[in-house]
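Commentary on secondary and tertiary structure
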Amino acid sequence: MLILLLPLAFTCQGAETFRFPNLEFLRVPPDVTLSPMEAAASGDWQPLDSSPNFGYTRDTAWFRFDVPDNSQLDLLEIAYSHLDYIAFYLIENGELTSEITTGDRYPFAQRPILNRHFLFPFSPNTRAHQQILLEVRTTGTLQAPMALWNAQVFFEHASVEEQLHAIYYGILISVIFFNLFVYIALREHVYLLYVLSTLGYLLLIFNLNGTAFQLIWPGSPALHSWATLLAIPFAVVFSLLFSRSFLRLKQAEPTLNRIVLGFVAMNAAMVIFAVLLDYSVAIRLSVAMVIPSTLLLTLIGPLQWVRGNPQAGYYTIAWCALSLGSAITAANKYGLLPNNFITTYGMEIGSVLQATLLALALAARLYKERQGKLEAREAELKAMAARRSAELKLIENALHNPLTGLPNRTSFEMQINDLIRQAPGTRHGIVVIHLNNLQSVTKTLGHQNSDRILELASQSLNATVREMPGIISLGQHNGRRFFAASLDSETLACVVNATTSEQARRSVVRTLEAIRCPIDYLGMQIPLNPQLGVAVSPIHGTDATSLIRKAAIAEGSDRAHERGIAYYKPSIDSYSAGRLTMASELQHALANDGLALHLQPKLDFRTGRISGMEALIRWPEREQTVPADEIIMLAEQTGLIKPLTRWVLEQSLQLRNCLLENNYLLDLSVNISPNNLREPDFPLFVKRLMSAHPQHEGAIIFEVTETSMMQDPANALKALNSLAKAGIPVSIDDFGSGYSSLSYIKQLPASEIKIDRSLITDLATREEDRVIVQTTINMCHSLGYRVVAEGVEDEATASLLEGMGCDMIQGYLLSRPLPLDRMLAWLTQRGGTVTKQHAPGQ
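Residues numbered from 1 in each chain as written. Predicted model: local features only at pLDDT ≥ 70, side-chain atom pairs only at ≥ 80, totals over all residues. Heavy atoms only, no water.

Description of the overall build of the chain
Rule in force here: For helices the rule is a DSSP run of H or I covering at least 4 residues; for strands it is a run of E covering at least 2, with both sets numbered from the N terminus onward. Here the globule rule is a power law, 2.2 Å times the number of residues to the power 0.38, and the radius of gyration is based on C-alpha atoms. When a residue's accessible area, from a 1.4 Å probe over protein chains only, is under 20% of the maximum for its type it is buried; when over 50% it is exposed; and in between it is partly exposed. Should any heavy atoms of two residues lie within 4.5 Å, those residues are considered in contact. The method behind every accessible area is Shrake-Rupley, applied with a 1.4 Å probe, and residues are considered shielded solely by the protein chains displayed.
For the chain, the count of helices and strands is 31 helices and 28 strands. Computed over C-alpha atoms, the radius of gyration of the chain comes to 36 Å, more than 25% over the 28 Å expected from 2.2 N^0.38 for 842 residues, which places it beyond the range of a compact globule. In terms of principal-axis extent, the alpha carbons of the chain reach across some 115 × 70 × 50 Å. Burial statistics for the chain: of 842 residues in total, 50% are counted as buried. A fraction of 72% describes how many contacts in the chain between residues 6 or more apart in sequence connect residues 24 or more apart. When the accessible surface of the chain is totalled, it reaches about 39,400 Å², and 56% of it is carbon and sulfur.

Here it is, written out as structure tokens:
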């Protein structure tokens, strides 16, 4: 059973990595040399949707991709050990900041991190645009399966993978020594040939995955290349000789025996070619011989099985596994198959299965010939019992976190699915608890202390949540009952009956307060700052994966940051299928004029006239109405805000042209996203656009919200100053809804303040709102700002604002946002209360 579990374990490879949606490649002929900057500036880059694998080629391959905006990713892995030359370049904001050169033609000690794979550490910088550039060339097969990791996660994963490889090597070594002892005892050469065959595959895998270079000859790259080259024919030759002896082809099939000997001679000749030929040609020939040789080994078994050879059954199954794995790996080296688990580990999986099955076959023959059927059956039963016991132990260990002892993610998901399956109508609350401060604790106290603190925290949490009303047990192990689970190194979880918990709110609050208590460790009070997210079935999902994902989204929301706990809401889920669909529709609407701008007027109290308009985005083609702020949020989350804002500005100029054509001299306000203020080329775009339309100079007002400016105050101030110098008036929108500093507001090149509708809505009924609004108006006038009140819906509120000295109002009292034709009709009805321009001569 251990062998059957190996593929399952290997599929964990890359589970914590970042996939590259923006990976591009550039192939350069071997006679062309490019510098990093020349390569980056090339116009021949092409997108790459799969793992890079170009087969045998002398070309130089360049790869590039943007570092994601995730400060936890700080390590690049290239999971292929046979690349002659790799150059790693880190580019920040267009400048080369880091360069690392390595490859398997260099001594192993030259690598930045001593690992059988190529690892390149870098420092993420979320404030800069980072791009990684790779230059790769080799005389063998050019493939570069790469992934971005968090260094800690990688080394945890690498530790597990090395343990799996150790198990693999242990199995083959055990098989080798077992059959070697049998050979010494019986002096039957079939066992010696089997030992050499298995040893050949062990040496081959040992060289192919880079372990031999790391452990045996790290200072001799050339020796590493020769060892790899010679291991291939060595393994194939002794595999052919073992098959010939095991199936007794000399006596049973003379013709087939001569064919096998011919292949033995050709593979042996590869050793001579390895000395005489160039490495690139020799390795191609060696790999080319592997494919027909392994196919021959695969066909021998079925042919002999059909003809009644009793040993051919074991052989067929064993060599089918090995031959198929070897053929897949060889085809992968030629670039005929993409990189995935099967193509990467095909030879390893096949050799393990082959070694085990053939060892069983030889053991069965030994028992039948030396001890009889009864003893063989008893031994088989004992072996099965031992494997069953080991399997149960492995399964039990696989379902619990080795550090905390709590059920792991797999176990937690299984139990949630069972709960939902048994009681589909019950409201189960999935609670994800993220220990925000644990990473800082690790950096301060080290991993050993951090692990101990995590262990104490898990014990404390398990004891605390068991007192929570509605908590559901997650089982027990070794006499310990569990109520919490470990999802990862920083995240715990539990499940409750949501209905029961909601009926005992005070008890739940006490439990939450206990969860937030610091951990007492070595006399120190260590705060872990737990942050909770909750998703409830069946409202938020009916399977564990969806519920855990949504609880994690809730845990990472702003509300969770502010209050320590948050429930999942679809509105905060930018990763849902519906949001992704809407993003695609928005992109289509933007490209096909599916959006529109509606206008809402502003009334000037001093003149009693309509003096301006605000342009508000609408999505008329969509059946379900989408609010403007949701459209903006979706555009910001999906990267469409840049083209959307440019479209809005261009449409606004067209709208004002129409207003001028109808003799309406009105200012037009446009909302600007904080993302636009962070665009380096945004001020330049606006200047060019306004230069092309001088008739609108000073009449297009940019509205920026108070809160958005505080997200990046330095860059926002720089961008607004640049726009102000270009003659663009600035208005501070939603004033009073955020937390901005008055000293910062005073520095802004703004001429207008718009009081947020939340302070205006209840102005007529709430005394405290009137005090705040009056104070705001007085303060803004003192600072030289014009004041606009948003959200005015009745005459009473308008009268109060006029009495307070407010300059302008905007809201449904005047008009809802209307398309241009309807707004022109509305303006016509207003007649003399609209600011007009006069034709020449009037």
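Here's the deal with the packing of helix H6 (residues 221-246) against helix H9 (residues 279-306)
Stated formally: Helix axes are fitted to C-alpha atoms over the stretch in contact, other axes to C-alpha atoms as well, and angles between N-to-C directions run from 0 to 180 degrees. Angular relationships are summarised with four words: roughly parallel below 35 degrees, roughly antiparallel beyond 145, roughly perpendicular across 65 to 115, and oblique for the angles in between. Crossing handedness follows the turn of the near helix against the far one: under a right angle anticlockwise gives a left-handed crossing, and clockwise gives a right-handed one. Residues are grouped as follows: Ala, Val, Leu, Ile, Met, Phe, Trp, Tyr, Cys and Pro are nonpolar; Asp, Glu, Lys and Arg are charged; every other residue, Gly included, is polar.
Where H6 meets H9, the closest approach of the two axes is 10 Å, and the angle between their N-to-C directions is 20°. The orientation of H6 relative to H9 falls into the category roughly parallel. Classified by chirality, the crossing of H9 by H6 is left-handed. Contact with H6, carried on its side by Ser225, Leu229, Ile232, Val236, Ser239, Leu240 and Ser243, involves Tyr279, Ala282, Ile283, Ser286, Val287, Val290, Ser293, Leu296 and Leu297 of H9 and no other residues of that element. Classifying every residue of the contact of H6 with H9 gives 11 nonpolar, 5 polar and no charged.

Quick word on the nonpolar core
Where we set the bar: In plain words, nonpolar cores are sets of buried Ala, Val, Leu, Ile, Met, Phe, Trp, Tyr and Cys residues tied together by side-chain atoms within 4.5 Å.
Within the largest apolar cluster, 77 residues are counted, with the highest numbers of intra-cluster contacts made by Leu644 and Leu801. Ignoring any residue separated from it by four or fewer positions in sequence, one finds Leu644 in contact with Leu590, Leu595, Ile617, Ile631, Ile632 and Ala635. Ranked by size, the runner-up nonpolar core spans 62 residues in total, among them Leu193, Leu249, Val260 and Val264.

Things to note about the confidence of the model for the chain
To be explicit about the condition: Here pLDDT means the predictor's own confidence in every residue, given as a number from 0 to 100.
On average, residues of the chain score 83 in pLDDT, and 91% of them reach the 70 mark or higher. This stretch, residues 1-17, has a pLDDT under 50; its non-local contacts, to residues over four places away or in other chains, come to 34 contacts. Scored below 50 in pLDDT, residues 838-842 shows 0 contacts in the model against residues more than four places distant or in partner chains.

Digging into a nonpolar patch on the surface
Going by this rule: A patch consists of residues whose relative accessible area exceeds 30% and which take part in no salt bridge; residues with like charges are grouped when within 9 Å of each other, and nonpolar side chains (Val, Leu, Ile, Met, Phe, Trp, Tyr) when within 5 Å. Just to be clear on terms, a salt bridge is a Lys or Arg side-chain nitrogen sitting within 4 Å of an Asp or Glu carboxyl oxygen.
A cluster of nonpolar residues, Trp226, Leu230, Val271, Ile272, Phe273, Val275, Leu276, Leu277, Val281 and Leu285, forms a patch on the protein surface that exposes about 870 Å² of accessible area. Listed by contribution, the elements that provide at least two residues to the nonpolar patch are H6, helix H8 (254-276) and H9. With 5 residues, H8 is the single largest residue contributor to the nonpolar patch. With respect to the helices, strands and loops of the structure, Val281 is situated in helix H9.

Digging into the pairing of strand E6 (residues 85-92)
Convention followed: In this scheme, strands are said to pair when DSSP sees at least two bridges between them.
Of all 8 residues in E6, 8 are buried; the element is thus mostly enclosed. Going residue by residue along E6, you find Tyr85, Ala87, Tyr89 and Ile91 tucked away on one face and Ile86, Phe88, Leu90 and Glu92 tucked away on the opposite face as well. Summarising the sheet, E6 and strand E9 (residues 130-137) pair through 8 bridges and their orientation is antiparallel. Within the sheet, the bridge partner assigned to Tyr85 lies in E9 and is Arg137.

Overview of the sheet that holds strand E16 (residues 491-497)
Spatial strand order, E15-E16-E12-E19-E20: 5 strands in an open sheet with mixed pairing. Strands with a single pairing partner mark the edges of an open sheet, and in this sheet they are strand E15 (485-488) and strand E20 (565-567). Within this sheet the neighbouring strands show an average axis-to-axis angle of 25°, counted without direction. When strand E12 (residues 428-435) meets strand E19 (residues 530-537), the two strands line up antiparallel, connected through 8 bridges. Considered in E19, the bridge of Val432 is made with Gly533. Across the sheet, helix H18 (residues 544-555) is in contact with E12, E15, E19 and E20; its angle to E19 comes to roughly 140°.

Here's the deal with helix H15 (residues 447-465)
Note: α-helices contain 3.6 residues per turn, so residues at a spacing of three or four share the same orientation. Rules: Expected span of a helix: the number of residues minus one, times 1.5 Å.
Between its first and last C-alpha atoms H15 spans 26 Å; for 19 residues at 1.5 Å apiece the expected length is 27 Å, and the two agree. All of the buried residues in H15 are Ser450, Ile453, Leu454, Leu456, Ala457, Ser458, Leu461, Asn462, Thr464 and Val465.

Considering the pattern of salt bridges
Within the structure shown, the criterion is met by 24 salt bridges. One salt bridge connects Glu253 with Arg307, and the closest N-O pair in it is separated by 2.2 Å. Placement of the pair is Glu253 in the loop between helix H7 (249-252) and H8 and Arg307 in the loop between H9 and helix H10 (312-333), with a sequence separation of 54 residues. Its salt-bridge partner being Glu767, residue Arg770 comes within 2.6 Å of it at the nearest N-O pair. Here Arg770 pairs with Glu767, and both are found in helix H29 (residues 767-782), just 3 residues apart, close to one helical turn. On the basis of relative accessible area, Glu767 is assigned to the partly exposed category, the value being 45%. Via salt bridges that share partners, Glu614, Glu703, Lys754 and Glu790 belong to a single interconnected network.

Considerations on the side chain of Glu77
For the record, the criterion: Charged-residue counts in this description rest on Lys and Arg as positive and Asp and Glu as negative, His and the chain ends being excluded. We call two N or O atoms a polar contact when they sit within 3.5 Å, provided that within protein one can donate a hydrogen and the other can accept it, with sequence-adjacent residues counted only if both atoms are side-chain atoms.
Inspection of the secondary structure assignment puts Glu77 in strand E5 (residues 75-78). Buried Glu77, no salt bridge; nearest opposite-charge side chain is Arg116, N-O distance 7.0 Å. Polar side-chain contacts of Glu77 include one of 2.8 Å to the side chain of His117. Residues contacting Glu77, with those up to four places away along its chain left out, are His117, Phe118, Leu119, Pro145, Met146, Ala147, Trp149 and Phe154.

Brief notes about unusual backbone geometry
At the junction of Ser537 and Pro538, the peptide bond is cis and its omega measures out at -5° in the coordinates. Note on placement: Pro538 falls in the loop between E19 and H18. One non-glycine residue, Asn529, adopts positive backbone phi at about 50°. Within the secondary structure layout, Asn529 lies in the loop between strand E18 (524-526) and E19.

Remarks on the packing of helix H3 (residues 151-186) against helix H4 (residues 189-208)
Two elements in contact, H3 and H4, have axes whose closest approach is 8 Å; the angle formed by their N-to-C orientations is 160°. In terms of their interaxial angle, H3 and H4 are classed as roughly antiparallel. As for how H3 packs across H4, the hand of that crossing is left-handed. Residues Tyr168, Tyr169, Leu172, Ile173, Val175, Ile176, Asn179, Leu180, Val182, Tyr183 and Leu186 of H3 form the contact with H4, whose participating residues are His189, Tyr191, Leu192, Tyr194, Val195, Thr198, Leu199, Tyr201, Leu202, Ile205 and Phe206. Tallied by class, residues from the contact of H3 with H4 come to 19 nonpolar, 3 polar and no charged.

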